[in-house]
Amino acid sequence: MPDISSYPKCPLGVRSHYLHQRCLFCIAAKGRPSQTWDSGLTELTGKSALPALLQCTSRRLLGLRSATMLLLHRAMVSGLRQAFRLRSTPSRLCIQACSTNDSFQPQRPSLTFSGDNSGTGGWRVMGTLLGLGAMLAYHDHRCRAAQESPRIYTKEEVSSHTSPETGIWVTLGYEVFDVTEFVGLHPGGPSKLMLAAGGPLEPFWALYAVHNQSHVHELLAQYKIGELNPEDKVPSTLETSDPYADDPIRHPALKVNSQRPFNAEPPPELLTENYITPNPIFFTRNHLPVPNLDPDTYRLHVVGNPGSKSLSLSLDDLYKFPKHEITVTLQCAGNRRSEMTQVKEVKGLEWRTGAISTARWAGARLCDVLAQAGHKLCETEAHVCFEGLDSDPTGTTYGASIPLARAMDPEAEVLLAYEMNGQPLPRDHGFPVRVVVPGVVGARHVKWLGRVSVEPEESYSHWQRRDYKGFSPSVDWDTVDFDSAPSIQELPVQSAITEPQDGETVQSGEVTIKGYAWSGGGRAVIRVDVSLDGGLTWQAAELDGEEQCPRKAWAWRLWQLQAIVPAGQKELNIVCKAVDDSYNVQPDTVAPIWNLRGVLSNAWHRVHVHVAS
């Protein structure tokens, strides 16, 4: 029998959350709980479902006050006593009534049925009583609600309630709910509900459609405390002179590292929940304001090879090329930079573990487009340069380049992508067309692509020549020579822990550890090792996700490990490290790979957690 202590405590007083996955009114109306429902709770608790049903109904049915509930309780008990014969011997149904009024201490009889006919009749009587009580309670609740005007709150007031100390409030439409008591009972875990604290539920329910069911709305209604001020609209847009005034609306779950330009990552608990990252929470890396481009007038200019005609391609023109689809993980060069900051200050956004995401991309192969413009492999070194349509007030655009050899190789699968997870690219991710270069640092995946050319040297863009390069820990900003180091292309092997998170408290007995692993250049992850003691002993994690092809492992592997917590252990130092098919492995510490820009941070990932006593 499952241990009931592992189930959250019911806010209505019942020790099993199982009860609240069913509608009490439907159960009462039928006159008898379904066999599945009753046996399910019996399996969890070792008791019949009916005591829990009576407790739940008599304690807080639609928020009625104690006096009303006491009358309802007495009516039910009286009716049940008349319906069933009292016996002291155990039977297949034992009902223990309880009251919210501490001064009222009813007798604790066992109510039994001696035969099938009397049992059926008893259930009908009890169902009738419960149904009647429910209807009376509902009528009373509606009358009170009609008489009382809801309290009005501003969005600012709601946004200030984000912790157990202040209360945890959320909104749905124009309704306001205090879900403080429910956070610990959330089936998806407290951390996911806390992502919406102080704000709207809609963006999160859009990710988890299971919430859009009537019983979920009924449960939420119990926590309603008021409504939003109808005049409290979304803040007006910024002045039109602000280059960021037209940026798109972002998902509130994203952890923002900078607003202008916008850069944000998904929280760890959402990052590895799906193999394919949902578009709204895919990490966002912008260097400049997001352009708002018209797909009907969009043109991609591809400079032709000498002697060949240049191309000016509309979206419809791109659609005529063979459509190619691939699953690719994108990772920013600065992923996990915050760990380098702990060693010594660096310049750059404080990315944690979330500057990485995976999507299914579709578009035209770059090699097909270049071939149509007359380009082919040459014996001398050459580079394909990309220019975006995002620009700063001076007109400077974002740019980057990759070697021509990679661009022309069909096996490298470089795309001019126009779809992301089966949809047109979102604006933050390059609409209408972006470059996707599998196995290569995200900085080369130029968004809002406007121009492609083949040049004898790599791009002269600042982000190609004066950024995204690695240096020795001894190099500082007084001695750095950007021309001395090559631009980052393929990234080193990487892994990180997403659950549990640093500082969390885990239960004794067994702990589930989850994370991701990925390596650049198409190198497959063949193993992830996990340690609970800081690296003294190791266990191999189970790898999930798509099988990876040699030299074309463009996407990450999600992994997890169910590990036994050593008896008496009060804390765990959890560590992970990945190994790729070239047997590259992550370095054990950050200090030897520290660099002034905080890029290529791929040391063993570590989280320290406490063990509940």
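Residues numbered from 1 in each chain as written. Predicted model: local features only at pLDDT ≥ 70, side-chain atom pairs only at ≥ 80, totals over all residues. Heavy atoms only, no water.

Enquirer: In this structure, what is going on with the overall build of the protein chain? I would like to understand it.
Expert: Secondary structure assignment for the protein chain yields 15 helices and 29 strands. Of all 613 residues assigned to the protein chain, the portion counted as buried reaches 51%. Within the protein chain, contacts between residues separated by at least 24 positions form 70% of all contacts whose residues are at least 6 apart in sequence. Counting every atom, the protein chain has about 29300 Å² of accessible surface; 52% of that belongs to carbon and sulfur. (Helix = DSSP H or I, 4+ residues; strand = E, 2+ residues; numbered from the N terminus. Buried < 20%, exposed > 50% of the residue type's maximum accessible area, 1.4 Å probe, protein only. Contact = heavy atoms within 4.5 Å. Areas by Shrake-Rupley, 256 points an atom, 1.4 Å probe, with all protein chains shown as cover.)

Enquirer: Explain the environment of His-462 here, please?
Expert: Tracing the sequence through the fold places His-462 in helix H15 (residues 462-465). Counting along the chain gives 62 residues from His-462 to Ala-400, while the straight-line C-alpha distance between them is 8.6 Å.

Enquirer: How do you make sense of empty space enclosed by the protein when you look at a structure like this?
Expert: The method is simple in principle: a probe with the dimensions of a water molecule rolls over the atoms, and the space it marks as empty is what remains. Under the criterion given, the structure shown has four cavities of 30 Å³ or more. Roughly 230 Å³ of volume is contained in the largest cavity. If you trace the largest cavity, you find 19 residues lining it, with Arg-285, Arg-434, Gly-442, His-445 and Lys-447 closest to the centre. Classifying every residue of the lining of the largest cavity gives nine nonpolar, six polar and four charged. (1 Å grid on protein atoms, 1.4 Å probe; cavity = no way out; pocket = protein on both sides within 12 Å on 5 of 7 lines; lining within 4 Å. Points joined across faces, edges and corners; volume = space filled by probe spheres on them. Nonpolar A, V, L, I, M, F, W, Y, C, P; charged D, E, K, R; others polar.)

Enquirer: Just checking my understanding: could you explain the sheet that holds strand E15 (residues 383-391) for this structure?
Expert: Hydrogen bonds between backbone atoms are what pair the strands of a sheet, whose relative direction is either parallel or antiparallel. A sheet is described by the order of its strands in space; here five strands give the open sequence E12-E11-E20-E15-E16, paired in mixed fashion. Only two strands of the sheet have a single partner each, and these edge strands are strand E12 (311-313) and strand E16 (397-403). Between one strand axis and the next, the sheet turns by 15° as a mean value, whatever way the strands run. As paired elements, strand E11 (residues 300-302) and strand E20 (residues 449-455) share two bridges and run parallel to each other. For Val-302, the partnering residue across the bridge sits in E20 and is Val-452. (Pairing = 2+ DSSP bridges. Axes fitted to C-alpha atoms, helices over the stretch in contact; angles between N-to-C directions.)

Enquirer: Can you help me understand the environment of Phe-386 in this one?
Expert: With respect to the helices and strands, Phe-386 occurs in strand E15. Along the backbone, Phe-386 and Val-446 are 60 residues apart, and their C-alpha atoms lie at a distance of 6.6 Å.

Enquirer: What's the story with unusual backbone geometry in this structure? I'm lost.
Expert: Most peptide bonds take the trans form, and the phi angle of most residues other than glycine is negative. The amide bond that connects Arg-260 to the next residue, Pro-261, takes the cis arrangement and shows omega of -5°. Residue placement: Pro-261 occurs in the loop between strand E8 (255-258) and strand E9 (263-265). Of note, the bond from Phe-431 into Pro-432 is cis; its omega dihedral lies within 30 degrees of zero at 10°. For Pro-432, the position within the fold is in the loop between strand E18 (423-424) and strand E19 (434-436). Even without being glycine, Arg-336 reaches a positive phi, approximately 70°. The topology assignment puts Arg-336 in the loop between strand E13 (323-331) and helix H12 (337-341). Backbone geometry at Glu-413 places phi at a positive 55°, although glycine is not the residue there.

Enquirer: Mind showing me how you'd approach the sheet that holds strand E5 (residues 167-172) here?
Expert: Within the open sheet, the five strands sit side by side as E3-E7-E6-E5-E4. Their pairing is mixed. Each edge of the open sheet carries a strand with a single partner, namely strand E3 (152-153) and strand E4 (162-163). When E3 meets strand E7 (residues 224-228), the two strands line up parallel, connected through two bridges. Across the sheet, the residue bridging to Tyr-153 is Leu-228, located in E7.

Enquirer: What should I look at first to understand the pattern of salt bridges in this one?
Expert: Note on pairing: side chains with opposite charge can pair once their charged atoms come close. Following the criterion strictly, the structure yields 24 salt bridges and no others. With a shortest N-O distance of 3.3 Å, Glu-457 and Arg-465 are connected by a salt bridge. Residue Glu-457 is classed as partly exposed on the basis of its relative accessible area, which comes to 40%. Shared partners join several salt bridges into a network, and the residues in it are Arg-406, Glu-490, Arg-523 and Asp-580. (Salt bridge = Lys/Arg side-chain N within 4 Å of Asp/Glu carboxyl O.)

Enquirer: It is not clear to me how the pairing of E8 should be interpreted in this structure. Could you clarify?
Expert: Inspection of the sheet shows E8 paired to E9 by three bridges, in the antiparallel sense. Bridged to Ser-258 within E9 is Asn-263. Joining the antiparallel neighbours E8 and E9 is a turn of four residues.

Enquirer: Help me understand helix H9 (residues 214-221) in this model?
Expert: Each α-helix winds once per 3.6 residues, and so residues spaced three or four apart point in a common direction. Looking only at H9, the buried set comprises Val-216, Leu-219 and Leu-220. Here the buried residues of H9 occupy an arc of 100° about the axis, which is enough to place them on one side. (Arc of directions from axis to C-beta.)

Enquirer: Help me understand the side chain of Ser-338, please; the structure alone is not making it clear to me.
Expert: Note that Ser-338 resides in helix H12. Setting aside residues up to four positions removed in sequence, Ser-338 forms contacts with Glu-350, Trp-351 and Arg-352.

Enquirer: Looking at this structure, I do not really get the pairing of E13. What am I missing?
Expert: Looking down a regular strand, the side chains alternate between one sheet face and the other. Taken across its nine residues, E13 has seven buried, putting it largely inside the fold. Sheet topology places E13 next to strand E14 (residues 356-365); nine bridges connect them, and they run antiparallel. Following the sheet pairing, Lys-323 is matched in E14 by Ala-364.

Enquirer: Any chance you could explain the packing of aromatic side chains here in plain terms?
Expert: Under the criterion given, the structure shown has eleven aromatic pairs. Taking the centre distance of 4.9 Å and the plane angle of 40° together, the rings of Tyr-398 and Trp-463 count as tilted. In this pair, Tyr-398 is assigned in strand E16 and Trp-463 in helix H15, connecting sequence segments 65 residues apart. Taken individually, Tyr-398 and Trp-463 each receive the classification buried, so the pair is uniform in this respect. An aromatic cluster is built from Phe-282, Phe-283, Trp-351 and Trp-361, whose rings are joined through pairwise contacts. Residue placement shows Arg-250 over the ring face of Phe-262; its charged tip is 4.0 Å from the ring centre. Above the ring of Tyr-460, the side-chain terminus of Arg-465 is found at 4.0 Å from the ring centroid. (Phe/Tyr/Trp six-rings, centres within 6.5 Å; stacked < 30°, edge-to-face > 60°. Lys NZ or Arg CZ within 6 Å of the ring centre and 35° of its normal.)

Enquirer: What's the story with the confidence of the model for the protein chain in this structure? I'm lost.
Expert: A low pLDDT score tells you not to read the predicted coordinates there in detail. Looking at the protein chain, the pLDDT average stands at 82 and 74% of residues meet or exceed 70. Confidence drops under a pLDDT of 50 for residues 1-118, and excluding neighbours within four residues, the segment shows 191 contacts in the predicted structure. Residue range residues 235-240 is modelled with pLDDT below 50. Its contacts to residues more than four positions away, or to other chains, number three contacts. (pLDDT = per-residue confidence, 0-100.)

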